[in-house]
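# Structural description and commentary
The chain contents come next:
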Amino acid sequence: MAFRKAVKGTALIGGGAIATVFGLSQFSQYRNKHGALVQVQAAEVVPVKNHLPTREQQILALQTNSEFDVIVIGGGATGCGCALDAATRGLKTALLERYDFSSGTSSRSTKLIHGGVRYLQKAIMKLDFEQYRMVKEALEERAHLLQSAPHLSAPLPIMLPIYKWWQLPYYWIGIKLYDLVAGSQCLKSSYVLTKSRALELFPMLRKDKLVGAIVYYDGQHNDARMNLAIALTAARYGAATANYAEVRRLLKTTDPASGKLRVCGVRCRDVLTGKEFDVRAKCVINATGPFTDSVRKMDDEEVPNICQPSAGVHIVMPGYYSPDNMGLLDPATSDGRVIFFLPWEKMTIAGTTDSPTDVTSHPIPTEEDINFILSEVRNYLGADVEGGKWTTYRAMARDTIDAAIQEHNLKAGSSKTMGLQLEGAHDWSPTLYIRLVQDYGLESEVAQHLASTYGDKAFEVAKIAQVTGKRWPIVGKRLVSEFPYIEAEVVYGVKEYARTAVDIISRRTRLAFLNVQAAEEALPRIVDIMGKELNWSEQKKKEELETARKFLYYEMGYKVKTDQLTDSSEISLVPSDIERYKKRFHMFDKDKKGFITILDVQRVLQSISVQIAENTLHEILNEVDLNKNGQVELNEFLQLMSAIQKGHVSGSRLAVLMKSAEENLRRRAAIPVDRSGGGV
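Residues numbered from 1 in each chain as written. Predicted model: local features only at pLDDT ≥ 70, side-chain atom pairs only at ≥ 80, totals over all residues. Heavy atoms only, no water.

### Describing the overall build of the protein
In terms of regular secondary structure, the protein is built from 26 helices and 18 strands. Among the 680 residues that make up the protein, the fraction classed as buried is 54%. Element-wise, carbon and sulfur atoms account for 52% of the exposed surface of the protein, whose accessible area totals about 30,300 Å². (Helix = DSSP H or I, 4+ residues; strand = E, 2+ residues; numbered from the N terminus. Buried < 20%, exposed > 50% of the residue type's maximum accessible area, 1.4 Å probe, protein only. Areas by Shrake-Rupley, 256 points an atom, 1.4 Å probe, with all protein chains shown as cover.)

### Focus on the environment of Arg 510
Within the secondary structure, Arg 510 sits in the loop between helix H16 (501-508) and helix H17 (511-514). Among the polar contacts made by the side chain of Arg 510, one reaches the side chain of Asn 222 at a distance of 2.8 Å. (Polar contact = N/O pair within 3.5 Å; in protein donor to acceptor, adjacent residues only side chain to side chain.)

### Side note on the sheet that holds strand E10 (residues 261-270)
Strand order in the open sheet formed by six strands is E8-E3-E2-E11-E10-E9, and the pairing between neighbours is mixed. The open sheet has two edge strands with one neighbour each: strand E8 (240-242) and strand E9 (245-254). Direction aside, the axes of adjacent strands within the sheet are offset by 35° on average. Examined bridge by bridge, E10 and strand E11 (residues 276-286) share five bridges and lie antiparallel to one another. Looking across to E11, one finds that Gly 265 is bridged to Arg 280. (Pairing = 2+ DSSP bridges. Axes fitted to C-alpha atoms, helices over the stretch in contact; angles between N-to-C directions.)

### Looking at helix H2 (residues 55-64)
Inspection of H2 places Arg 55, Gln 58, Ile 59 and Leu 62 among the buried residues, and these make up the whole buried set. Buried residues in H2, looked at end-on, bunch into an arc of 100°, giving them a common side. (Arc of directions from axis to C-beta.)

### Quick notes on helix H24 (residues 634-645)
Helix length check: H24 (twelve residues) gives 17 Å between terminal C-alpha atoms against 16 Å at 1.5 Å per residue, within 8%. With respect to burial, H24 is a largely interior element, nine of its twelve residues being buried. Of the residues making up H24, those classed as buried are Leu 634, Glu 636, Phe 637, Leu 638, Gln 639, Leu 640, Met 641, Ser 642 and Ala 643. (Expected span 1.5 Å × (residues − 1).)

### Some details on empty space enclosed by the protein
Here the second largest cavity is characterised by a volume of approximately 70 Å³. The set of elements that each furnish at least two residues to the lining of the second largest cavity consists of helix H8 (223-236) and helix H13 (444-454). Its residues assigned to classes, the lining of the second largest cavity comprises five nonpolar, three polar and four charged. (1 Å grid on protein atoms, 1.4 Å probe; cavity = no way out; pocket = protein on both sides within 12 Å on 5 of 7 lines; lining within 4 Å. Points joined across faces, edges and corners; volume = space filled by probe spheres on them. Nonpolar A, V, L, I, M, F, W, Y, C, P; charged D, E, K, R; others polar.)

### Points about the environment of Ala 239
Its place among the elements puts Ala 239 in the loop between H8 and E8. Residue Ala 239 is classed as buried on the basis of its relative accessible area of 1%. C-alpha of Ala 239 to C-alpha of Lys 92: the two residues are 147 residues apart in sequence and 6.8 Å apart in space. Discounting residues that sit within four places of it in the chain, Ala 239 has contacts with Gln 58, Ala 87, Thr 93 and Ala 234. (Contact = heavy atoms within 4.5 Å.)

### Topic: the nonpolar core
By size, the foremost hydrophobic cluster in this structure holds 56 residues, and its most contacted members are Ile 505, Leu 511, Ile 526 and Leu 552. One finds Cys 80, Ile 230, Ala 235 and Trp 390 within the second-largest nonpolar core, a separate group that totals 41 residues. (Core = buried A, V, L, I, M, F, W, Y, C linked by side-chain atoms within 4.5 Å.)

### So, the packing of aromatic side chains
Aromatic rings in a pair are described by how distant their centres are and how their planes are angled relative to each other. Counted under the stated rule, the structure contains eleven aromatic pairs. Measuring from centroid to centroid gives 5.6 Å for Phe 585 and Phe 637, while their planes differ by 35°, and the two rings are tilted. Taken together, the residues Phe 585 in helix H21 (residues 575-588) and Phe 637 in helix H24 connect sequence positions 52 residues apart. Residues Phe 585 and Phe 637 agree in their burial class; the two are buried. Ring-pair connections join several aromatic residues into one group, and the members of that group are Trp 166, Tyr 170 and Tyr 171. For Lys 111, the ring lying beneath its charged end belongs to Trp 344, and the centroid distance is 4.8 Å. Above the ring of Tyr 581, the side-chain terminus of Arg 580 is found at 4.7 Å from the ring centroid. (Phe/Tyr/Trp six-rings, centres within 6.5 Å; stacked < 30°, edge-to-face > 60°. Lys NZ or Arg CZ within 6 Å of the ring centre and 35° of its normal.)

### Quick look at unusual backbone geometry
In this model, Trp 472 is joined to Pro 473 through a cis peptide bond whose omega is -5°. With respect to the secondary-structure elements, Pro 473 resides in the loop between helix H14 (458-463) and helix H15 (488-495). Positive phi, close to 55°, is recorded for Glu 345, a residue that is not glycine. Glu 345 gets classed as partly exposed once you look at its relative accessible area, which sits at 32%. Non-glycine residue Lys 346 carries a positive phi angle of around 65°.

### Remarks on the packing of helix H5 (residues 129-148) against helix H11 (residues 393-408)
Helix packing for two helices is described by the angle between their axes and how far apart those axes are. Where H5 contacts H11, the two axes come as close as 8 Å, and the packing angle between them is 105°. Between H5 and H11, the angle is such that the two are roughly perpendicular. The segment H5 lies against H11, with Glu 137, Glu 141, His 144 and Leu 145 engaging Tyr 393, Arg 394, Ala 395 and Arg 398. The residue makeup of the contact of H5 with H11, split by class, is three nonpolar, one polar and four charged. (Parallel < 35°, antiparallel > 145°, perpendicular 65-115°, else oblique.)

### Some words on the pairing of strand E13 (residues 327-330)
Here E13 shows no split at all, with Gly 327 and Leu 329 on one side and Leu 328 and Asp 330 on the other all buried. Direction of pairing for strand E5 (residues 153-162) relative to E13: parallel, over a ladder of two bridges. The partner of Ile 158 across the bridge, within E13, is Gly 327. As paired strands, E13 and strand E14 (residues 339-344) are joined by three bridges and run antiparallel to one another. Across the sheet, residue Leu 329 finds its bridge partner in E14, namely Phe 340.

### What to know about the pattern of salt bridges
Considering all chains together, one arrives at 43 salt bridges under this definition. One network of salt bridges, in which partners are shared, links Glu 246, Arg 248, Arg 267, Arg 269, Glu 276 and Asp 278. (Salt bridge = Lys/Arg side-chain N within 4 Å of Asp/Glu carboxyl O.)

### Examining the pairing of E14
Extensive coverage of E14 is indicated by the burial of six of its six residues. The side-chain alternation of E14 yields two buried faces, one formed by Ile 339, Phe 341 and Pro 343 and the other by Phe 340, Leu 342 and Trp 344. Inspection of the sheet shows E14 paired to strand E15 (residues 347-351) by five bridges, in the antiparallel sense. Each residue of the ladder has a partner; that of Pro 343, found in E15, is Thr 348. Hairpin connection from E14 to E15: two residues lie between these consecutive antiparallel strands, with Glu 345 at a positive phi of about 55°.

Below, the structure written as structure tokens:
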């Protein structure tokens, strides 16, 4: 699976025991962070809403307020950051987003919160103080982001493999300087690894020419949920925030002092209802990232473009391509681009590419970009297989609101967002999920997921979770068996302003980014739940299903994956591999029909006491059934295994299922009589 970004520049006691080990490992760090936030909390003067306003109430506020101090166009990280900064200063604030919050570049990042090691290298090599200042600020903002939403972010060790002896002292000095610049906000001290230790931690790494590695620390987060947390926090501080609110044009009036036209608001359209209305403000801020020029041309059609978009592609691979708690980064690929492998949500993100592109709301990954990444994966691993920077969003927002206050003589104090805790962070602790397991009877995995996604709001999700009808877990029906997302999250997602199925699968949950097949499998149930919450007609539900499937097919790389499997019709397997895979296939095709069906798979799974829902099995076989005749033929299976060996396909559920079943059947093979004691 791939996704593309367009950027500018079962026992309760048992569960509790596991939870304790998990939580205590983070507890001391959490206490240090939490203490730094108390003073900020006490200094707050802007009232905070206990109940999140509904989207309908937000739209009404936009229509009825005579004039806002600030309108922010764009609901990405920087736009939501501007709205939060303005609202916490007491400014009457509106935030308008044409699609969903974080629907653009902010949800398609590398998930890293970093200071910029490469920028520091430039600062030192070129004696560039501006580059140094930028790194220093980014490291300060990194610390803030980790503190303001600890449930959504955490430090991540990142390994730099070293392949030449002279590089070891060179990189070591650079990374130590990175620690030094961070000062008291250094997450953890960097260190050197021997070759054997590096391979122990990252066993998929190629062994040849490796001399050692250096490990340093940066941050990692759930970018879409972080973006949403900023937007929801702004709403609780009084900002009128609305997604699916499109700016059609700018409103202008004559400035009595200068006699010139100036912007005084926007003409807005509620995308969901089609209704248009004016929203007036003293100041309008353009925070639309790669769409910056389109808003600028609303003001002046002749203004030259200032934004040169570029595109980067990441691919999501099975989790075994990286350790659970360590990433890998190398700044010197075959063509000079950075390559990285980062653990995220029990999967691995690999990337990235960087090439000029046209501005589009629906970027689509290309086969060429994906093949480049897969090629680099094979080089590094011994296996076949105008917007802003996320870290500094708060500083950019602060500077923007400072400028707006000065330019328009707005009455407001200094920024209050440094140390301000975001949605879900206030009563979160690393051991919060123990209470979810014990108080509500949730699976441990689901409870951990809810705690790390919603923070202290996880209790609100747990309260509306449905009873499973099983002995354990008591509540929490999963959307798909392989991932810890539950049906209650769809209901809660609607409260968080989700209005389309795509909002749920890609930004309220991250299912579309993790596994497109699982996302497609969950879609019908998601649409049914949303239909009840939003009173959708049957026709509307069909439209949502179709739109979401197109999103998965094109934007999430489903089409490329399907094309690559289809195009790899040439089976390039050695004879021994062909025989091995034929034997595996015939373990399912007992009747030697030349194909397998759901019944064949169910029979084998039953023999090893494994149960998988029939709908899930249908989806698994459908991924490989190229001619869509309801069965997987031997040739299709061999094409699949060939494509996997060549690195064109990864994470095939059928391949994993058949291999696992084969291993189980071998372990369950009958024990010879002479070894069984003759039946005595």
